[in-house]
Amino acid sequence: MHIQGPRIHGSKVQVYKVPTDAPEADGTFAWDSTTMVLVSIEAGDKRGIGYTYADGSTGKLVKTLLEKVVEGRAPFDHGSILQDLYRQVRNSGETGISSMAISAIDNALWDLRARLLDTSLVSLLGSVRGGIPVYGSGGFTSYDDAQLTNQLGGWAERGFSMVKMKVGTHPDDDLRRVSVARKAIGESTDLFVDANGAYTVAQALALAQAFAQASNVRWFEEPVSSDNLVGLSKVRARAPLGMDIAAGEYGYTAWYFDRMLKANAITVLQADATRCGGISGFLNSGALCWAANTPLSSHCGPSMHVHVCCAVPRAIHMEFFHDHVRIERMFFDGFCEPVGGVMCPDRTRPGMGLTLKEKDAERFLT
Ligand SMILES: [Mg+2]
């Protein structure tokens, strides 16, 4: 194939709003639906898809960016397209919605390039492993004890070695809820908690000790706001031995991750390829983690991460988030079901291996 390959001759964005299967809440927010912004980009006889979970307004920006920057370009000039995308959003800011729009486009371009080469994305990136462990993630603060027990216990029964629950909405009840979860999953499954920044430093420090002692909690995510790097580093410094402090899900740029790593604020960095500049941004976060000797874990959207997480040396596990798993299973033929708690990209399928089930998705179009 000529190195430049065919040019992009078609692109579109679709916005889907999917109601949750039950009311959901974490330490700082409550929601009843999830919005997926899906981008398709065509070149030759191939179509690449990528997406972000973002506000519906992101779709409007994606449309503008596709028309102004992406159409007519060569997919193998991906690097130059990315530079132009960032120039295009300079005046509105590179973070937030801009970064989520660019992430969805970047993911579609990676998928398209792999399809044009008729190879899987993990093969194009260069695999370091055949599969990556996932942790079941849900345990919303809106759940009663039975819902919490069923969901987390179900994942443990399915062979997941780690599960995560939300805390922080009712701090006085958190220790009890965490003990309910521990009882549901038994002793051999690691238990993670995520406060979504709900606690003060003092509350987080007290609860870190209590969670570890009473329920052997191994991971404390965003114990305080992830913007509070001083607070996070205080929690990290005094956390019980063997408890990871994790954050990074709201990181949009490499500079953000670099600041977080340099502040000694975390022991595991989280990055989200649907927010941080797509697969390209996720690779950058992997390079920063390499240099900082820090493990990396992916946040949400498992189907956008399974290939890249098998190609980034520092990646240790992925989040198998209830809402997104439900949507990705419903929307995509080729969704990878974890086996024994490990998700393996299907290297026999081109790109990310996903085909949109148009008929199943259609009723959620906005
Ligand atoms: Mg989180």
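Values in this document were obtained by computation on a predicted structure and should not be read as measured data. (Residues numbered from 1 in each chain as written. Predicted model: local features only at pLDDT ≥ 70, side-chain atom pairs only at ≥ 80, totals over all residues. Heavy atoms only, no water.)

Q: If you had to explain the UniProt feature "domain: Mandelate racemase/muconate lactonizing enzyme C-terminal" (unreviewed entry) in the chain to someone new, which residues and values would you point to?
A: The sites that carry the UniProt feature "domain: Mandelate racemase/muconate lactonizing enzyme C-terminal" (unreviewed entry) are, in the present numbering, residues 145-242. A distance of 27 Å separates the end C-alpha atoms of residues 145-242, which is 54% helix and 15% strand. (UniProt positions renumbered as here; feature names shortened; annotations may be inferred. Helix = DSSP H or I, 4+ residues; strand = E, 2+ residues; numbered from the N terminus.)

Q: Any details on the domain arrangement of the chain? Residues and values, ideally.
A: Domain boundaries in the chain define domain 1 (8-119) and domain 2 (123-356). The distance between the C-alpha centroids of domain 1 and domain 2 comes to 23 Å. Between domain 1 and domain 2, the contact holds 41 residues from the first and 47 residues from the second. For the pair domain 1 and domain 2, the summed buried area comes to about 3500 Å², and 61% of that belongs to carbon and sulfur atoms. Of all residues in domain 1, Tyr51, Tyr53 and Trp110 bury the most surface against domain 2, accounting for 18% of the area lost on that side. At the junction of domain 1 with domain 2, the criterion picks out zero salt bridges. For the pair domain 1 and domain 2, the interface holds 25 residue pairs in polar contact (both at pLDDT 80 or more). If you list the elements that add at least two residues to the side of domain 1 that touches domain 2, you get strand S1 (8-25), strand S2 (30-43), strand S3 (46-53), helix H2 (78-88) and helix H3 (96-116). Among the elements that make up the side of domain 1 that touches domain 2, the one with the highest residue count is H3 (11 residues). A class-by-class count of the residues in the side of domain 1 that touches domain 2 yields 18 nonpolar, 14 polar and nine charged. (Domains from an automatic or database assignment. Contact = heavy atoms within 4.5 Å. Buried area = accessible area lost by both parts, 1.4 Å probe. Salt bridge = Lys/Arg side-chain N within 4 Å of Asp/Glu carboxyl O. Polar contact = N/O pair within 3.5 Å; in protein donor to acceptor, adjacent residues only side chain to side chain. Nonpolar A, V, L, I, M, F, W, Y, C, P; charged D, E, K, R; others polar.)

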